[in-house]
Amino acid sequence: MHSGYQVLLIFRHMKRSNFLITLLTGALVLSSCVSNKPAERADEIDKKVNALLAQMTIEEKVGQMVQYNGFYDATGPAPSEGNAQEKYDNLKKGGVGSFLNVRGAKQVRALQKIAVEETRLGIPLIFGLDVIHGHKTLSPIPLAESASWDMQAIKKSARVAAIEASAIGINWTFAPMVDIYRDARWGRVMEGAGEDPYLGAKIGVARIKGFQGDDLSAHNTIAACAKHFAGYGFVEAGKEYNTVDFGTSTLYNIVLPPFKAAVDADVKTVMNAFNIVNGVPSTGNKFLQRDILKGKWGFKGYVISDWASGAEMVNHGFAADLKEASLHAAEAGCDMDMESYTYVNHLVDLVEEGKVNVSIVDEAVGRILRVKYELGLFDDPYKYCDEAREKELLYHDDHQAAALDMAHKSVVLLKNEGGILPLAKDQKKIAVIGALADDKTSMLGSWRIGSDDGTAVSVLEGLNKHTANYTYAKGADVVAGDVNFVFHLNENTTDKSGFKEAIQLAKKSEVVVMVLGEHGFHSGEARSRTKIDLPGVQQQLLEEVYKVNQNIVLVLTNGRPLALPWAADNIPAIVETWQLGTQSGNAIADVLFGAYNPSGKLPMSFPRSVGQCPIYYNKFSTGRPVNAEKNVFWSHYTDEENDPLYAFGYGLSYTTFEYADLKIDDANPKAIKVSVKVTNTGGVSGEEVTQLYIRDKAASVVRPIKELKGFEKYTLAANESKEVTFTLTDAELGFYDNQGNFIVEPGMFDVMVGTSSVKGLSGSFELK
Ligand code: NOJ
């Protein structure tokens, strides 16, 4: 049976000249469309894909493999800027499969209309956008969300993002970023789930499920994209777009597992990466895309290049020119090109010259069409273009509630000496210092392409809901002048003219809340830093205020781990709030006044000094891990500790949790049980994340000194206890050898269960 939309196509082919009839039919199709029909069976879709492929010319096929950046006001009179006319003409010829960065139901509809009503086959476009942590309503940045270790909340956050994005015409997000990384200098750490592949895989899957929902053909679910395949998180020295170089053990055990989990969770698309892996750019990397992703893992969706990464293979020195780049990308399994102009300008010629087999093109187009069918775009290409829905859903109250919940859960309490926090409800004379306290934009974070400046609840606004007893002084700005997403940050400020007022205020206050950190655009793509301290004069401001009042609560807001050893030594309370999105100020004030008891745990180690980067908990032992001979010849720095300032998995609460009774039952090697009793001993209800780490003591390929292999988050009332049990199976105890085989080796394992990667109860067992 033909769907309404297919009837339209057939009908239009018969009467191509009759525009009126086409329009009429289009209207009938729209009114009879079913937005929420269950996903069609895969084999039915395959049949439709093959039937369509059989009708397509080589130009139309290659067209499906082309993604353009949105080119002009689609609802306006004419294409305008740059090569817009060329794009427009190509779209009309059926030479475009997808757009990115076209936003708004009206804009999307205008382009979709050209694709479905003016091209020969009327194949609908798929519209992609970087919906990274929300569209209009912003959740915390992904690194912050990851600190929640709360998969339900993270899934919900992605769901909300999908609901808002799908209401403005978007049906595909370039998220989640599942790159693992270890270097806080890299600006994109804000966009992922941190340094651990186990946690990263779980979070990636939660996000994919949130975006894609239970039924991809529904009008409010969108295709997800696991990116950047692979190894982008390992750019040398944390420098953006830099060389990547790691060994096979790291590739198989650290880099690939979150992507494998994404594929197992049915992620519909994967984006390749800017970087090289073993000297071969990811976009032209056959081993990664064909052998592993599509071969070994059986990925059924399609691969998109990163922005111009196809063309950049010429700069890498892998392709002599764009035509050769096009050849390499197609052969290696890159199905769609994002703004490289490699496929659009060269692929048809390459096929006609016999250099690229048409079966490669057919395979790529088949994958792209399949996802379009699964999204239901052939049934109703306009189902994401409902302006009433757009109006109703953006910034919806329910979305604000979810964003606040996520923001609460993302906060990590790093230090709380002398119980300075939470502040008493009747706390008098509070000084609030720092430009970021009065900022309604910065805390929205980076990668917020659809958002509106000034839509975050500021810290001051959040505080207003709890107290009238504060006075504010800016002290110092973070950056001088305007900041935006595309251009360089202007200089960090050197202006100390506000210090005096701030110091005087601190002097006469009982407690000082200092809101310091990075601007929202200090992190994100192309925002690598060599210093990961407080930018500008903020560190000096902190130290000057400390001289007159030591009762300081330092509220950090930043997109990456910062190295703040002086603050860690001297400031009694430190709260890591990252960039918490739209509800930032409300969440921060709730935590400061104890309306929410913080429960976050760091997904990434905080170094003592930038010189420790890259730093990560799941490191190898080395041959000289300790100072056994009491001399200088062991693995260490002469001027700094080896340990991080704050470790992976670390985070405090306003209550305390006591761990006791570690039990290990290794009777069944296929299901080893590890349990522990946790008691809330701190007098108030709180949430804990119990974490389980293993160490495989001796293996054919060395294993890290600790690896996260289980965690559970739960609430305990004051004095309440709970037995937390984990089951270790082959999946947790095995690893990948250097050929990429997953193996399980018998032998001794250490196990630690506790409140962070550095604190817990330890035992061991033998895997027989
Ligand atoms: C480049 C980024 O690396 C990628 O993550 C993003 O999705 C694309 N640009 C599109 O904006």
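Residues numbered from 1 in each chain as written. Predicted model: local features only at pLDDT ≥ 70, side-chain atom pairs only at ≥ 80, totals over all residues. Heavy atoms only, no water.

**Student:** Which parts of the structure should I look at to understand the overall build of the protein chain?
**Tutor:** Broken down by element type, the protein chain carries 24 helices and 25 strands. Over its C-alpha trace the protein chain gives a radius of gyration of 27 Å, about what one expects of a compact globule, namely 27 Å for 768 residues. With the principal axes as the frame, the protein chain shows a C-alpha extent of 80 × 65 × 50 Å. A total of 768 residues make up the protein chain; the buried ones form 62% of that total. (Helix = DSSP H or I, 4+ residues; strand = E, 2+ residues; numbered from the N terminus. Rg over C-alpha atoms; globule rule 2.2 N^0.38 Å. Buried < 20%, exposed > 50% of the residue type's maximum accessible area, 1.4 Å probe, protein only.)

**Student:** What should I look at first to understand helix α8 (residues 151-167) in this one?
**Tutor:** Along its 17 residues, α8 runs 24 Å from first to last C-alpha, staying within 8% of the 24 Å computed at 1.5 Å per residue. Counting buried positions along α8 gives 13 out of 17 residues, so the element sits mostly inside the fold. Near the N-terminus of α8, the side chain that reaches the backbone nitrogen of Gln152, with its oxygen 3.2 Å away, is that of Asp150. Immediately beyond the C-terminal end of α8, within one or two residues, lies Gly169, with a positive phi of roughly 100 degrees. (Expected span 1.5 Å × (residues − 1). Polar contact = N/O pair within 3.5 Å; in protein donor to acceptor, adjacent residues only side chain to side chain.)

**Student:** Would you take a moment to explain the domain arrangement of the protein chain for this structure?
**Tutor:** The figure often quoted for interface size is the accessible area lost as the parts come together. Domain boundaries in the protein chain define domain 1 (4-55 + 63-392), domain 2 (412-599) and domain 3 (657-767). In this structure, domain 2 and domain 3 have C-alpha centres spaced 36 Å apart. (Domains from an automatic or database assignment.)

**Student:** I keep staring at the environment of Leu562 and nothing clicks. Help me out?
**Tutor:** With respect to the helices and strands, the residue Leu562 is situated in the loop between β15 (552-557) and α22 (565-570). Distance from Leu562 to Ile532, taken between C-alpha atoms, is 5.0 Å for residues 30 residues apart in sequence. When residues no more than four places from it in sequence are discounted, the contact partners of Leu562 are Glu518, Arg529, Ile532, Asp533, Leu534, Phe606 and Pro607. (Contact = heavy atoms within 4.5 Å.)

**Student:** Could you clarify how one ought to interpret the nonpolar core in this entry?
**Tutor:** Grouped burial of nonpolar side chains is what soluble globular proteins tend to show. Counting residues in hydrophobic clusters, the biggest one holds 194 residues, and the most contacted among them are Phe99, Leu256, Met514, Val553, Trp578 and Leu592. When we break this core down by domain, the ones giving at least three residues each are domain 1 (4-55 + 63-392) and domain 2 (412-599). Sequence-distant contacts of Leu256, defined by excluding residues within four places in its chain, comprise Phe229, Ala230, Leu251, Leu288, Ile292 and Trp297. Among the nonpolar cores identified, the runner-up in size contains 19 residues, and Val678, Ile694, Tyr714 and Phe765 belong to it. (Core = buried A, V, L, I, M, F, W, Y, C linked by side-chain atoms within 4.5 Å.)

**Student:** What exactly am I supposed to notice about the sheet that holds strand β5 (residues 225-229) here?
**Tutor:** Pairing between sheet strands relies on hydrogen bonds along the backbone, with the strands arranged either parallel or antiparallel. The three strands lie next to each other as β5-β6-β9, forming an open sheet whose pairing is parallel. Each edge of the open sheet carries a strand with a single partner, namely β5 and β9 (302-304). Taking each pair of neighbouring strands and ignoring which way they run, the sheet shows an average axis angle of 30 degrees. By the bridge criterion, four bridges tie β5 to strand β6 (residues 269-272) in an arrangement that is parallel. Opposite Lys227, over in β6, you have Met271 as the bridge partner. (Pairing = 2+ DSSP bridges. Axes fitted to C-alpha atoms, helices over the stretch in contact; angles between N-to-C directions.)

**Student:** Looking at this structure, I do not really get the site of the ligand. What am I missing?
**Tutor:** The immediate surroundings of the ligand are formed by 13 residues, with Asp130, Arg188, Lys227, His228 and Asp306 found nearest. Here an oxygen atom of the ligand sits 2.6 Å away from a polar atom, N or O, in the side chain of His228. Within the side chain of Asp306, an N or O atom sits 2.6 Å from an oxygen atom of the ligand. In terms of residue class, the shell around the ligand is made up of seven nonpolar, one polar and five charged. (Near = heavy atom within 4 Å. Nonpolar A, V, L, I, M, F, W, Y, C, P; charged D, E, K, R; others polar.)

**Student:** Sorry if this is basic, but what is going on with the packing of helix α14 (residues 322-332) against helix α15 (residues 342-352) here?
**Tutor:** Between two packed helices, both the angle of their axes relative to each other and the distance between the axes serve to describe the pair. Here α14 crosses α15 at 80 degrees, and the two axes come no closer than 9 Å. With respect to their mutual orientation, α14 and α15 come out roughly perpendicular. Contacts between α14 and α15 involve Leu322, Lys323, Ala325, Ser326, Leu327, Ala329 and Ala330 on the former and, on the latter, Thr342, Tyr343, His346, Leu347, Asp349 and Leu350. Considered class by class, the residues forming the contact of α14 with α15 number eight nonpolar, three polar and two charged. (Parallel < 35°, antiparallel > 145°, perpendicular 65-115°, else oblique.)

**Student:** What is the right way to read the pairing of β6 from this model?
**Tutor:** Successive side chains on a regular strand alternate, one facing one side of the sheet and the next facing the other. Of the two faces of β6, the one holding Thr269 and Met271 and the one holding Val270 and Asn272 are both buried throughout. Sheet topology note: the β6/β9 ladder contains three bridges and is parallel. Following the sheet pairing, Val270 is matched in β9 by Val303.

**Student:** Can you walk me through the side chain of Ser442 in this structure?
**Tutor:** Structurally, the position occupied by Ser442 is in the loop between β12 (430-433) and α19 (459-464). Once you skip the residues sitting within four places of it in the chain, Ser442 turns out to touch Leu436, Glu518, His519, Gly520 and Gln579.

**Student:** What is the right way to look at the side chain of Ser675 in this model?
**Tutor:** Along the chain, the position of Ser675 falls in strand β18 (residues 672-680). On the basis of relative accessibility, which here comes to 7%, the residue Ser675 falls in the buried class. Excluding its chain neighbours within four sequence positions, the residues that come into contact with Ser675 are Asp661, Leu662, Lys663, Glu723, Val724 and Thr725.

**Student:** Where do I start with unusual backbone geometry in this structure?
**Tutor:** Glycine aside, a negative phi is what most residues show, and trans is what most peptide bonds show. Residue Pro176 is reached from Ala175 by a cis peptide bond, and omega for that bond is 10 degrees. Following the sequence through the fold, Pro176 ends up in the loop between β4 (172-173) and α9 (197-212). For Asn101, which is not a glycine, the phi torsion comes out positive at approximately 65 degrees. The backbone of Lys429 sits at a positive phi, close to 45 degrees, despite the residue not being glycine. With respect to the secondary-structure elements, Lys429 resides in the loop between β11 (412-416) and β12.

**Student:** Can you help me understand the state of the cysteines in this one?
**Tutor:** Each disulfide consists of a covalent bond between the sulfur atoms of two cysteine residues. Under the definition given, this model contains zero disulfides. Not part of a disulfide, Cys225 finds its nearest cysteine sulfur in Cys334, a span of 11 Å. (Disulfide = S-S within 2.5 Å.)

**Student:** Explanation requested: the pairing of strand β24 (residues 747-754) in the structure shown.
**Tutor:** In this structure, strand β19 (residues 686-696) lies alongside β24, joined through six bridges in antiparallel fashion. Note that in β24 the partner of Ile694 across the bridge is Val751. Sheet analysis places β24 next to strand β25 (residues 760-767), joined by eight bridges and oriented antiparallel. Of the residues in β25, the one forming a bridge with Asp750 is Ser764. The antiparallel pairing of β24 with β25 creates a hairpin that spans five residues between the two strands.

**Student:** Just checking my understanding: could you explain the environment of Ser721 for this structure?
**Tutor:** Among the structural elements, Ser721 can be located in strand β21 (residues 721-728). By relative accessible area, which is 32% here, Ser721 ends up partly exposed. Among the polar contacts listed, one links the side chain of Ser721 to the side chain of Thr679, at a separation of 2.8 Å.

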